[in-house]
Amino acid sequence: MPPPSATDLSQRSAIAVSFAGFRAAWRSVLAYVVIGTYVGIGALTHDFGFGLGWAVASTALVWAGPAQVILVSALGAGAAPIETALAVGVSSARLLPMVISLLPLIRRPKTPFRALILPVHLTAVTMWIEALRLLPHVPREARIPFANGVGLGFMSAAQVGTLVGYYLATSLPPLLTAGLLFLTPISFLISTTRNCRLVSDWLALVLGLVLGPLMAAWQMGLDLLWTGIVAGSLAYGIHRLREALK
Amino acid sequence: MSELHAYALLVLVGFLPSEIWRVLGLVAARGIVDESELFMWVRAVAIAVLAGVIAKIILFPPGTLASVPLVIRLCAIVGGFAAFLFVRRSVLTGVVAGEVVLTVGALAYGI
């Protein structure tokens, strides 16, 4: 998809810019990946006996696929709330570096704190991937409404998936749900590769793929955050060393 | 579980433990400028976390994906990635190719 032109966006109202972001989300393959993923989550929510309103509220409030899977299956299976909260928190730790690396792109010196609340809540893997790719082509003053539009676009796709999955729950064959679950790793891998620009980005991707399972097998808790810190720092360090040696 | 109780749990056990990381990010991002060295490091950390998520789902898959053998899951992710690299770097092509390999493999295995 061609990025929106800079002169075009800077002259439009915040609502028009948000709408451009919303459309950009729906033109991304990731919107359809989100629908597929949330069909699986909607079906799971139904199977564990939660209401439709609860399923929709969960997608809007939690807005993190893996966390929702844990929440539904743990609570549905009668796990203690505190245990469930810990598991959800551990799985959502990935949002921290994403928010930190998104904000410097959208914030301006005088941006009020309240203007950042919505884009921060809307931050999820899909929104982060497409925002990082598209925002450099968007004029800075239009970036917050544009990012909000991208986030709301993906969230609306997720709600479509949640509804479809909730209603189809009993009739989904296992082969289809396996394929839906596979959408997340394949689309995240490809979209992240497409976003890699710097040597440190590439190294972080490869090192993370290797270290992630090792850290998980080690069962030390917060393994994803440790993977990020160790692999990300190594990647950044090697990149700096190469620059210094040039 | 009563209706109200379910919604209370959603907020306390689902929403808050996720949102806390977003709010922490909002606080931690103060003073970080894009194009800076710190920004590049955080970006590398975020990419590595995501790579970890991808590898974990393939090696320790959730739900029905676990019924597909590891070798088929690996072939599907490598095949999808190769299709993306060699066919005009198209995300759609890569995702579809990966899903086709997974489905054909699973059918051949008898799922």
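Let's shift gears to the overall build of chain A. Assigned secondary structure in chain A consists of 13 helices and zero strands. Ordered by position in the sequence, the α and β elements of chain A form the string α-α-α-α-α-α-α-α-α-α-α-α-α. Seen along its three principal axes, the alpha-carbon backbone of chain A occupies a region of about 55 × 45 × 35 Å. Relative to its 246 residues, chain A shows a buried fraction of 55%. Within chain A, contacts between residues separated by at least 24 positions form 78% of all contacts whose residues are at least 6 apart in sequence.

What follows concerns the interface of chain B and chain A. By convention, interface size is frequently given as the accessible area that disappears when the constituent parts associate. Taken residue by residue, the interface counts 67 residues in chain B and 76 residues in chain A. Only helix 1 (3-28), helix 2 (37-59), helix 3 (70-86) and helix 4 (91-109) of chain B provide two or more residues apiece to the side of chain B that touches chain A. Residue composition of the side of chain B that touches chain A, grouped by class: 50 nonpolar, 11 polar and six charged.

All names here are of chain A. Taking 1.5 Å per residue as the helical rise, helix 3 (residues 29-47) with its 19 residues ought to reach 27 Å, and the 28 Å between its terminal C-alpha atoms agrees with that figure. By the criterion of burial, helix 3 is predominantly enclosed, with 17 of the 19 residues buried. Looking one or two places after helix 3, you find glycine 49, whose phi comes out positive at around 85 degrees.

It is worth spelling out helix 12 (residues 199-218) of chain A at this point. Given a rise of 1.5 Å per residue, 20 residues ought to cover 28 Å, and the 28 Å separating the end C-alpha atoms of helix 12 of chain A matches this to within 8%. For helix 12 of chain A, the principal kink sits at Gly208(A) and spans about 30 degrees. Looking only at helix 12 of chain A, the buried set comprises Ser200(A), Asp201(A), Leu203(A), Ala204(A), Leu205(A), Leu207(A), Gly208(A), Leu209(A), Leu211(A), Gly212(A) and Met215(A). Structurally, helix 12 of chain A contributes buried residues whose contacts are with helix 11 (174-195) and helix 13 (223-245) of chain A together with helix 2 of chain B. At the exit of helix 12 of chain A stands Gln219(A), carrying a positive phi of roughly 55 degrees.

On to the domain arrangement of chain B, then. Assigned domains of chain B: these are domain 1 (1-30), domain 2 (33-60) and domain 3 (62-111). Look at where the C-alpha atoms of domain 2 of chain B and domain 3 of chain B centre, and you get two points 23 Å apart.

This paragraph deals with the environment of Pro62(B). Within the secondary structure, Pro62(B) is located in the loop between helix 2 and helix 3. A tally of 16 C-beta atoms within 10 Å means that Pro62(B) is categorised as partly exposed. For the pair Pro62(B) and Ala6(B), spaced 56 residues apart in sequence, the C-alpha separation works out to 24 Å. With sequence-adjacent residues up to four places away left out, Pro62(B) is seen in contact with Val69(A) and Leu181(A).

Residue and element names in this part refer to chain B. The phi angle at arginine 88 is positive, at roughly 55 degrees, despite the residue not being glycine. Inspection of the secondary structure assignment puts arginine 88 in the loop between helix 3 and helix 4. According to the C-beta neighbour criterion, arginine 88 is exposed, with 8 such atoms within 10 Å. Within the chain, arginine 89 stands out as a residue other than glycine whose phi angle is a positive 50 degrees. Within the secondary structure, arginine 89 is located in the loop between helix 3 and helix 4.

Residue and element names in this part refer to chain A. When its domains are assigned, chain A resolves into domain 1 (6-195) and domain 2 (197-246). Distance between the C-alpha centres of domain 1 and domain 2: 24 Å. On the side of domain 2, six residues touch domain 1, which itself brings six residues to the contact. Residues of the side of domain 1 that touches domain 2, tallied by class, amount to three nonpolar, two polar and one charged.

Moving on: the nonpolar core. In this structure, Val99(A), Phe154(A), Ala204(A), Ala48(B) and Ile54(B) are the most contacted members of the largest nonpolar core, which totals 117 residues. Beyond its immediate chain neighbours, meaning those up to four positions away, Ala48(B) contacts Ala204(A), Leu207(A), Gly208(A), Thr227(A), Gly228(A), Ala231(A), Gly232(A) and Ala235(A).

Right, let's get into the confidence of the model for chain B. On average, residues of chain B score 92 in pLDDT, and 99% of them are at 70 or above. Interface scoring of the predicted complex returns ipTM 0.89; its pTM is 0.87.

What follows concerns the packing of helix 4 (residues 52-61) of chain A against helix 1 of chain B. At a minimum axis distance of 11 Å, the contact between helix 4 of chain A and helix 1 of chain B shows a crossing angle of 20 degrees. In terms of orientation, helix 4 of chain A lies roughly parallel with respect to helix 1 of chain B. The hand of the helix 4 of chain A/helix 1 of chain B crossing is right-handed. On helix 1 of chain B, the residues touching Trp54(A), Ala57(A), Ser58(A) and Leu61(A) of helix 4 of chain A are Ala6(B), Tyr7(B), Leu10(B), Val11(B), Gly14(B) and Phe15(B). Of the residues that constitute the contact of helix 4 of chain A with helix 1 of chain B, the class distribution is eight nonpolar, two polar and no charged.

Here is what the cut-offs are and how they apply
- Residues numbered from 1 in each chain as written.
- Chains lettered and ligands numbered in written order.
- Predicted model: local features only at pLDDT ≥ 70, side-chain atom pairs only at ≥ 80, totals over all residues.
- Helix = DSSP H or I, 4+ residues; strand = E, 2+ residues; numbered from the N terminus.
- Buried ≥ 20, exposed ≤ 12 C-beta atoms within 10 Å, placed from the backbone.
- Contact = placed C-beta atoms within 7 Å.
- Nonpolar A, V, L, I, M, F, W, Y, C, P; charged D, E, K, R; others polar.
- Expected span 1.5 Å × (residues − 1).
- Bend = angle between axes of the 7 residues up to and from the residue.
- Domains from an automatic or database assignment.
- Core = buried A, V, L, I, M, F, W, Y, C linked by C-beta atoms within 7 Å.
- pLDDT = per-residue confidence, 0-100.
- Axes fitted to C-alpha atoms, helices over the stretch in contact; angles between N-to-C directions.
- Parallel < 35°, antiparallel > 145°, perpendicular 65-115°, else oblique.
- Left-handed = near helix turned anticlockwise from the far one by under 90°.

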